[in-house]
Structure formats: structure tokens, C-alpha cells
Amino acid sequence: MTNTNIQQRRVRGHHGELSVRLQGDPKDPAIVMTHSILSSGAMWDEQAALLAEQGWYVLRIDTTGHGDSPPPMTEAVTMDGLAADTIAVLDALGIARAHYVGLSLGGMSGFGLGIQHGERILSLVLCAARADAPPAVAAPWDERIALADKHGTCAPLAGPTIERWFGKEFVAANPETTGRLQAIAAATSVRGFAGCARAIQGLDYLADVARIATPTTLIVGSNDGVLPEAMRGLQQRIAGAALETIPHAGHLPNVDQRTAFNAALLRHFEQIRNQPLTH
């Protein structure tokens, strides 16, 4: 079956070359998926297979400097540029409009997509993301960038990042899953990490999210720090947005509470399919 075959494409994006995994039938409606900082499209393995089996054409982008995408060529990585990278992939593949699923960093740039490129996006699923970076959010990235620069590798960041995402108990109970994600984090290029961390520090979409007219579902783990509150506020700003809170989930609910996350994801796409879009 074509759904089980994964192809890989190289695409020229705003920041440089991008690696894209393609899964499913190209004749089916397209869903683009992007991931968190210090991760890759591999974090969506289960969801991509599920969506492809259900008749979607799934495109997973490795963000610049992450996964199989080489470090960015541009001097600065910006959130607008990450949104432009998604549009570059659609352009390269000849896809006029697509659905979009983004988590954390991918969710942040997803707000930019909805604001700036709404005519290309059929629906949004934005997970574990906020639309602004107040000082308490922006400041910790300076120390993390300095640590990666000092060691010339993201390896020192990998363990603490996985522990923040999942908590010590989940890490101890799921060594294979978390070990794989920790290896992906450790292998992230320093330039890719630092560039995307600077993009997070410059995140400034909150004042404009009310301009998003695309059907939107927000998903957040109940244990993900201040994000449940932040995403409730975003739901109130985006007309018609749905909010799904995943019980007992951390920053990657698609991993630590995947059954509940997958159900929320499928609810979004079933609703979209049952209510054809006219815009």
C-alpha cells in the first residue's frame, strides 16, 4: 500500500534546504506537520501513519538545522521565515492549499501561517504553543544557546530537554521512546537549534492572532506548565477555535498520551471532512 511507503524529498526553503517526508497518496488532501525545537519529523511517526491510512497525504518537514535538514544558510532564523519554509514546501510540491499540524516551535510558526498565509492553509491544529515570548519565556534560551555553543553540540541539552517535556517518571518508564527522542535532540545542529531558539525569543504574534480565519483546533497537555492557560487565552482570541486539553500529558502529548491525542487529532479532521470549506 502507498500509505506505508515513506518518500523523502529535498526542497529549497527560506532558510536553506529542507528535508520532507512524504507519506500516503499524493491525490489525497495534504496535511503538513512540523515539530518542536530539538526534534524532527520523526516525532510524528505514529500520527503520520494514522493519517495516511485514513486517506490523507502527509508531509513532515524537518525544520531548518533539525533532523535531516542541514543547518540554515541565512544569518538569522525568524518565525516568519519558518512559516515561509512551510509555504516553500507546498510550492515545491505543487500543492495549492493544505491542512497544517504544528507542535511547540511548529505551533508557534503555525500562528504566523494563519495570520500571513491563510489563503494557503485549509485548517490549523496548533499544539503546545503560545503566540508571544514574554521575558520569562525568552530568557532561558540564552543559557541553552551558550551551552550548545560552548560544547559545539546540542548533546548537553538533550537529557534536560526530554525531562522537561515528559517528567522523570515517564522517562524512567519509557526508556526506548525517550531515548530515541533524546538521540534526535543531541544530533540537532547547533546552528539550527540556536537559530530556532532566537526565533522563539522573537515570537510576537499575539496581537494578530484574531486575524486568523482558518478553522483552528488548539491542543495542549494538562501538565504542560503555563501553556494550558495561555492556550485558553488564544482560543478566546481566534474566532471559532476549539481547545482540546489532554489529561496527564506534558509538552509532547502525541507521545506521552498518544491515544487521547490521536483521538483529538482525528476529531479535528473528521469535522473538517464533514464540513467542506468554502473559503
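Preceding block: the structure.
What you are looking at is a predicted structure, and each value in this text was computed from that prediction instead of being measured. (Residues numbered from 1 in each chain as written. Predicted model: local features only at pLDDT ≥ 70, side-chain atom pairs only at ≥ 80, totals over all residues. Heavy atoms only, no water.)

In terms of burial, strand β2 (residues 17-23) is largely enclosed, as six of its seven residues are buried. Where strand β1 (residues 6-12) meets β2, seven bridges bridge the pair, whose relative direction is antiparallel. Residue Q7 lies in a different strand from β2, and its bridge partner there is L22. Hairpin geometry of β1 and β2 is characterised by an intervening segment of four residues between the two adjacent antiparallel strands and by a positive phi of about 140° at G16. Here β2 pairs with strand β4 (residues 57-62) via five bridges, running antiparallel. (Buried < 20%, exposed > 50% of the residue type's maximum accessible area, 1.4 Å probe, protein only. Helix = DSSP H or I, 4+ residues; strand = E, 2+ residues; numbered from the N terminus. Pairing = 2+ DSSP bridges.)

This next bit is on the pattern of salt bridges. By the definition in use, this model includes ten salt bridges. Between D62 and R21 there is a salt bridge, with the nearest N and O atoms lying 3.0 Å from each other. Of the two residues, D62 is situated in strand β4 and R21 in strand β2; the sequence distance between them amounts to 41 residues. In this pair, the class of D62 matches that of R21, namely buried. Of the charged contacts, one joins D132 and R130 as a salt bridge, the two residues approaching to 3.0 Å between their closest N and O atoms. For R130, a relative accessible area of 15% puts it in the buried group. (Salt bridge = Lys/Arg side-chain N within 4 Å of Asp/Glu carboxyl O.)

This part covers the side chain of D256. Inspection of the secondary structure assignment puts D256 in helix α11 (residues 253-256). For the buried D256, no salt bridge is present, and the opposite-charge side chain at shortest range is R258, 8.9 Å distant. At 2.8 Å, the side chain of D256 and the backbone nitrogen of G250 are in polar contact. (Lys, Arg positive; Asp, Glu negative; His and termini not counted. Polar contact = N/O pair within 3.5 Å; in protein donor to acceptor, adjacent residues only side chain to side chain.)

Quick look at the sheet that holds β2 now. One open sheet holds the eight strands; their spatial order is β1-β2-β4-β3-β5-β6-β7-β8, and the pairing between them is mixed. Looking at which strands have only one partner, the edges of the open sheet turn out to be β1 and β8 (242-246). Ignoring strand direction, the axes of neighbouring strands in this sheet form an average angle of 20°. Where strand β3 (residues 30-34) and β4 come together, four bridges link them in parallel fashion. The residue bridging M33 from the neighbouring strand is R60, located in β4. Helix α3 (residues 105-116) contacts β3, β5 (98-103), β6 (121-127) and β7 (216-221) of the sheet and is inclined by roughly 140° relative to β5. (Axes fitted to C-alpha atoms, helices over the stretch in contact; angles between N-to-C directions. Contact = heavy atoms within 4.5 Å.)

On to the layout of surface pockets, then. Put simply, the largest pocket is a space of about 680 Å³. Surrounding the largest pocket, 29 residues form its lining, R164, W165, D224, L227 and H251 being those nearest its centre. Put simply, the parts of the chain that give the lining of the largest pocket at least two residues each are α4 (135-138), α5 (140-151), α6 (155-166) and α7 (168-173). Top contributing element to the lining of the largest pocket by residue count: α6, with four residues. For the lining of the largest pocket, the class distribution of residues is 15 nonpolar, eight polar and six charged. Computed from the structure, the second largest pocket encloses a volume of approximately 250 Å³. M43, E46, T177, R180 and V255 are, among the 13 residues lining the second largest pocket, the residues nearest its centre. Elements represented by at least two residues in the lining of the second largest pocket include exactly α1 (45-53), α8 (175-187) and α11. Among the elements that take part in the lining of the second largest pocket, α8 stands out by supplying four residues, more than any other. (1 Å grid on protein atoms, 1.4 Å probe; cavity = no way out; pocket = protein on both sides within 12 Å on 5 of 7 lines; lining within 4 Å. Points joined across faces, edges and corners; volume = space filled by probe spheres on them. Nonpolar A, V, L, I, M, F, W, Y, C, P; charged D, E, K, R; others polar.)

This next bit is on α5. A rise of 1.5 Å per residue sets the reference length of α5, with its twelve residues, at 16 Å; its end C-alpha atoms lie 17 Å apart and thus fit the reference within 8%. Looking at α5, one finds that the buried residues are W141, R144, I145 and A148. Buried positions in α5, seen along its axis, are confined to an arc of 100° and lie on one side of it. For α5, the exposed residues lying more than 90 degrees away from the buried face are E143 and K150. Phi turns positive, to about 70°, at G152, one or two residues after α5. (Expected span 1.5 Å × (residues − 1). Arc of directions from axis to C-beta.)

Another point: the side chain of R120. Within the secondary structure, R120 is located in the loop between α3 and β6. Classification of R120 by relative accessible area gives buried; the value is 15%. A distance of 3.0 Å separates the side chain of R120 from the backbone oxygen of I95, its partner in a polar contact. Each residue touching R120, except ones within four places of it in the same chain, is listed here: I87, L90, D91, I95, A96, R97 and A98.

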